[in-house]
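Residues per chain are reported as follows:
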Amino acid sequence: MSEEKKKNKEKEHCEALEAADQKLQRSRKIFVFYIIGLFCVALGLILVSYVMQEHANQQLADLGSQLTVQTDAAEGAEAKADQLQEMMDTVKQQLEESQKTTDELNTTVETQQKSIDALEQLWKLERAYRIGDDDTAAEIVRQMDEAYTRETLIDEEAEPLTGDAAKEYDLISSSLD
(Lines give C-alpha, C1' and ligand atoms only; values in the text may rest on other atoms or scores of the structure.)
Protein backbone atom coordinates (compact mmCIF):
# COMPACT_ATOMS: atom_id res chain seq x y z
CA MET A 1 0.00 0.00 0.00
CA SER A 2 2.65 2.24 0.44
CA GLU A 3 3.52 1.92 -3.08
CA GLU A 4 0.05 2.56 -4.03
CA LYS A 5 0.01 5.54 -1.83
CA LYS A 6 3.14 6.70 -3.44
CA LYS A 7 1.64 6.16 -6.85
CA ASN A 8 -1.48 7.91 -5.80
CA LYS A 9 0.51 10.70 -4.39
CA GLU A 10 2.54 10.91 -7.54
CA LYS A 11 -0.55 10.69 -9.59
CA GLU A 12 -2.18 13.40 -7.56
CA HIS A 13 0.95 15.42 -7.75
CA CYS A 14 1.05 14.93 -11.56
CA GLU A 15 -2.59 15.80 -11.80
CA ALA A 16 -2.00 18.85 -9.63
CA LEU A 17 0.93 19.83 -11.83
CA GLU A 18 -1.15 19.31 -14.94
CA ALA A 19 -3.99 21.32 -13.44
CA ALA A 20 -1.56 24.05 -12.48
CA ASP A 21 -0.07 23.88 -15.95
CA GLN A 22 -3.53 24.15 -17.53
CA LYS A 23 -4.32 27.10 -15.29
CA LEU A 24 -1.06 28.70 -16.28
CA GLN A 25 -1.82 28.14 -19.95
CA ARG A 26 -5.34 29.53 -19.51
CA SER A 27 -3.86 32.53 -17.72
CA ARG A 28 -1.42 33.01 -20.54
CA LYS A 29 -4.21 32.78 -23.13
CA ILE A 30 -6.29 35.32 -21.19
CA PHE A 31 -3.20 37.53 -20.85
CA VAL A 32 -2.49 37.26 -24.59
CA PHE A 33 -6.12 38.12 -25.44
CA TYR A 34 -5.92 41.00 -22.97
CA ILE A 35 -2.71 42.31 -24.60
CA ILE A 36 -4.23 41.84 -28.07
CA GLY A 37 -7.37 43.69 -26.90
CA LEU A 38 -5.30 46.56 -25.48
CA PHE A 39 -3.26 46.69 -28.67
CA CYS A 40 -6.47 46.83 -30.75
CA VAL A 41 -7.90 49.59 -28.55
CA ALA A 42 -4.63 51.54 -28.80
CA LEU A 43 -4.60 51.04 -32.57
CA GLY A 44 -8.24 52.15 -32.76
CA LEU A 45 -7.47 55.27 -30.70
CA ILE A 46 -4.50 56.07 -32.93
CA LEU A 47 -6.68 55.64 -36.02
CA VAL A 48 -9.46 57.84 -34.57
CA SER A 49 -6.87 60.44 -33.57
CA TYR A 50 -5.40 60.42 -37.09
CA VAL A 51 -8.84 60.81 -38.68
CA MET A 52 -9.73 63.65 -36.32
CA GLN A 53 -6.38 65.35 -37.01
CA GLU A 54 -6.94 65.12 -40.75
CA HIS A 55 -10.47 66.49 -40.32
CA ALA A 56 -9.13 69.37 -38.20
CA ASN A 57 -6.42 70.07 -40.80
CA GLN A 58 -9.06 70.14 -43.55
CA GLN A 59 -11.24 72.52 -41.52
CA LEU A 60 -8.21 74.70 -40.81
CA ALA A 61 -7.38 74.79 -44.53
CA ASP A 62 -11.01 75.68 -45.32
CA LEU A 63 -11.00 78.43 -42.71
CA GLY A 64 -7.69 79.71 -44.08
CA SER A 65 -9.08 79.91 -47.60
CA GLN A 66 -12.27 81.59 -46.30
CA LEU A 67 -10.13 84.08 -44.41
CA THR A 68 -8.10 84.75 -47.55
CA VAL A 69 -11.28 85.31 -49.56
CA GLN A 70 -12.73 87.59 -46.89
CA THR A 71 -9.45 89.49 -46.58
CA ASP A 72 -9.34 89.96 -50.34
CA ALA A 73 -12.96 91.13 -50.31
CA ALA A 74 -12.24 93.53 -47.45
CA GLU A 75 -9.18 94.89 -49.26
CA GLY A 76 -11.26 95.31 -52.42
CA ALA A 77 -13.98 97.09 -50.46
CA GLU A 78 -11.38 99.29 -48.78
CA ALA A 79 -9.83 100.16 -52.14
CA LYS A 80 -13.29 100.95 -53.53
CA ALA A 81 -14.05 103.10 -50.47
CA ASP A 82 -10.76 104.97 -50.96
CA GLN A 83 -11.58 105.47 -54.63
CA LEU A 84 -15.06 106.74 -53.76
CA GLN A 85 -13.59 109.06 -51.11
CA GLU A 86 -11.20 110.49 -53.70
CA MET A 87 -14.11 111.00 -56.07
CA MET A 88 -16.12 112.69 -53.32
CA ASP A 89 -13.18 114.96 -52.49
CA THR A 90 -12.83 115.90 -56.16
CA VAL A 91 -16.55 116.55 -56.52
CA LYS A 92 -16.56 118.53 -53.28
CA GLN A 93 -13.65 120.66 -54.50
CA GLN A 94 -15.39 121.23 -57.84
CA LEU A 95 -18.60 122.13 -56.00
CA GLU A 96 -16.73 124.61 -53.80
CA GLU A 97 -15.12 126.16 -56.87
CA SER A 98 -18.51 126.32 -58.60
CA GLN A 99 -20.04 127.89 -55.49
CA LYS A 100 -17.25 130.45 -55.39
CA THR A 101 -17.75 131.23 -59.07
CA THR A 102 -21.52 131.47 -58.52
CA ASP A 103 -21.00 133.84 -55.59
CA GLU A 104 -18.69 136.00 -57.71
CA LEU A 105 -21.19 136.01 -60.56
CA ASN A 106 -24.04 136.89 -58.16
CA THR A 107 -21.96 139.77 -56.79
CA THR A 108 -21.24 140.93 -60.34
CA VAL A 109 -24.94 140.67 -61.24
CA GLU A 110 -25.93 142.66 -58.13
CA THR A 111 -23.31 145.30 -58.94
CA GLN A 112 -24.48 145.45 -62.55
CA GLN A 113 -28.11 145.70 -61.41
CA LYS A 114 -27.21 148.60 -59.12
CA SER A 115 -25.41 150.27 -62.02
CA ILE A 116 -28.41 149.72 -64.28
CA ASP A 117 -30.78 151.15 -61.65
CA ALA A 118 -28.47 154.11 -61.04
CA LEU A 119 -28.11 154.78 -64.77
CA GLU A 120 -31.87 154.56 -65.22
CA GLN A 121 -32.36 157.07 -62.41
CA LEU A 122 -29.61 159.25 -63.91
CA TRP A 123 -31.42 159.13 -67.25
CA LYS A 124 -34.68 160.20 -65.54
CA LEU A 125 -32.72 162.91 -63.70
CA GLU A 126 -31.21 164.24 -66.93
CA ARG A 127 -34.58 164.27 -68.65
CA ALA A 128 -36.25 166.07 -65.73
CA TYR A 129 -33.31 168.50 -65.51
CA ARG A 130 -33.40 169.28 -69.27
CA ILE A 131 -37.12 169.95 -69.37
CA GLY A 132 -36.73 172.19 -66.33
CA ASP A 133 -38.66 170.05 -63.80
CA ASP A 134 -36.39 170.91 -60.85
CA ASP A 135 -38.73 169.45 -58.21
CA THR A 136 -38.72 166.03 -59.86
CA ALA A 137 -34.97 166.29 -60.48
CA ALA A 138 -34.35 167.23 -56.80
CA GLU A 139 -36.51 164.27 -55.66
CA ILE A 140 -34.53 161.91 -57.89
CA VAL A 141 -31.24 163.31 -56.48
CA ARG A 142 -32.54 162.82 -52.93
CA GLN A 143 -33.58 159.21 -53.67
CA MET A 144 -30.22 158.45 -55.30
CA ASP A 145 -28.29 160.03 -52.38
CA GLU A 146 -30.27 157.87 -49.93
CA ALA A 147 -29.74 154.71 -51.95
CA TYR A 148 -26.04 155.14 -52.77
CA THR A 149 -24.61 158.23 -50.93
CA ARG A 150 -23.43 161.22 -52.89
CA GLU A 151 -19.72 160.45 -52.32
CA THR A 152 -20.12 157.09 -54.03
CA LEU A 153 -22.16 158.53 -56.91
CA ILE A 154 -19.68 161.28 -57.77
CA ASP A 155 -16.59 159.03 -57.48
CA GLU A 156 -15.67 158.34 -61.12
CA GLU A 157 -14.04 154.98 -60.30
CA ALA A 158 -16.66 153.57 -57.88
CA GLU A 159 -19.83 151.75 -58.78
CA PRO A 160 -22.70 152.31 -59.51
CA LEU A 161 -21.83 155.38 -61.63
CA THR A 162 -18.40 155.56 -63.23
CA GLY A 163 -16.61 157.92 -65.55
CA ASP A 164 -18.84 160.40 -67.43
CA ALA A 165 -22.01 159.23 -65.66
CA ALA A 166 -20.50 160.22 -62.29
CA LYS A 167 -19.43 163.58 -63.71
CA GLU A 168 -22.93 164.20 -65.10
CA TYR A 169 -24.55 163.34 -61.75
CA ASP A 170 -22.12 165.64 -59.90
CA LEU A 171 -22.86 168.48 -62.30
CA ILE A 172 -26.68 168.12 -62.08
CA SER A 173 -26.79 167.53 -58.30
CA SER A 174 -24.48 170.48 -57.64
CA SER A 175 -26.61 172.81 -59.77
CA LEU A 176 -29.80 171.72 -57.94
CA ASP A 177 -28.32 172.30 -54.42
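Everything here concerns the structure above.
Owing to the predicted nature of the structure, the values given are computational and were not obtained by experimental measurement. (Residues numbered from 1 in each chain as written. Predicted model: local features only at pLDDT ≥ 70, side-chain atom pairs only at ≥ 80, totals over all residues. Heavy atoms only, no water.)

Participant: Help me understand the packing of helix α2 (residues 134-148) against helix α4 (residues 164-176) in this model?
Facilitator: When two helices pack together, their arrangement is given by the angle between the helix axes and by the axis-to-axis distance. Two elements in contact, α2 and α4, have axes separated by 10 Å at closest approach and are oriented at 120°. Comparing the axis directions of α2 and α4 gives the class oblique. The way α2 lies across α4 gives a crossing that is left-handed. Of α4, the residues touching α2 (which contributes Asp-134, Ala-137, Ala-138, Val-141, Met-144 and Asp-145) are Tyr-169, Ser-173 and Leu-176. Of the residues belonging to the contact of α2 with α4, the class tally is six nonpolar, one polar and two charged. (Axes fitted to C-alpha atoms, helices over the stretch in contact; angles between N-to-C directions. Helix = DSSP H or I, 4+ residues; strand = E, 2+ residues; numbered from the N terminus. Parallel < 35°, antiparallel > 145°, perpendicular 65-115°, else oblique. Left-handed = near helix turned anticlockwise from the far one by under 90°. Contact = heavy atoms within 4.5 Å. Nonpolar A, V, L, I, M, F, W, Y, C, P; charged D, E, K, R; others polar.)

Participant: Please explain α4 as it appears in this structure.
Facilitator: Side chains that are three or four residues apart share a direction in an α-helix, a result of its 3.6 residues per turn. Over its 13 residues, α4 extends 18 Å from the first C-alpha to the last, a length consistent with the 18 Å expected when each residue adds 1.5 Å. For α4, the complete set of buried residues consists of Ala-165, Ala-166, Tyr-169, Ile-172 and Ser-173. Buried residues of α4, seen end-on, are gathered within an arc of 135° and therefore sit on one face of the element. Opposite the buried face of α4, by more than 90 degrees, sit the exposed residues Asp-164 and Leu-171. (Expected span 1.5 Å × (residues − 1). Buried < 20%, exposed > 50% of the residue type's maximum accessible area, 1.4 Å probe, protein only. Arc of directions from axis to C-beta.)

Participant: Could you clarify how one ought to interpret a nonpolar patch on the surface in this entry?
Facilitator: Together, Phe-31, Tyr-34, Ile-35 and Leu-38 make up a nonpolar patch on the protein surface, roughly 420 Å² of accessible area in all. The topology assignment puts Phe-31 in helix α1 (residues 2-130). (Patch = residues over 30% accessible without salt bridge, like charges linked within 9 Å, V, L, I, M, F, W, Y side chains within 5 Å. Areas by Shrake-Rupley, 256 points an atom, 1.4 Å probe, with all protein chains shown as cover. Salt bridge = Lys/Arg side-chain N within 4 Å of Asp/Glu carboxyl O.)

Participant: Help me understand the pattern of salt bridges, please; the structure alone is not making it clear to me.
Facilitator: Where charged atoms of side chains with opposite charge meet at close range, the side chains can pair. In total, this model carries three salt bridges according to the counting rule given. The shortest N-O distance in the salt bridge between Lys-124 and Glu-120 comes to 3.8 Å. Of the two residues, Lys-124 and Glu-120 are both situated in helix α1; the distance of four residues between them amounts to about one turn of the helix. Accessibility expressed as a relative area gives 37% for Lys-124, which makes it partly exposed. The class of Glu-120 is partly exposed, set by a relative accessible area of 41%. With a closest N to O distance of 2.4 Å, Arg-142 and Glu-146 form a salt bridge. In this pair, Arg-142 and Glu-146 are both assigned in helix α2, four residues apart and thus about one turn of the helix distant. By relative accessible area, Glu-146 is classed as exposed at 59%. Linked by salt bridges that have partners in common, Glu-139, Arg-142 and Glu-146 make up one network.

The values are spatial; any link to function lies outside them.
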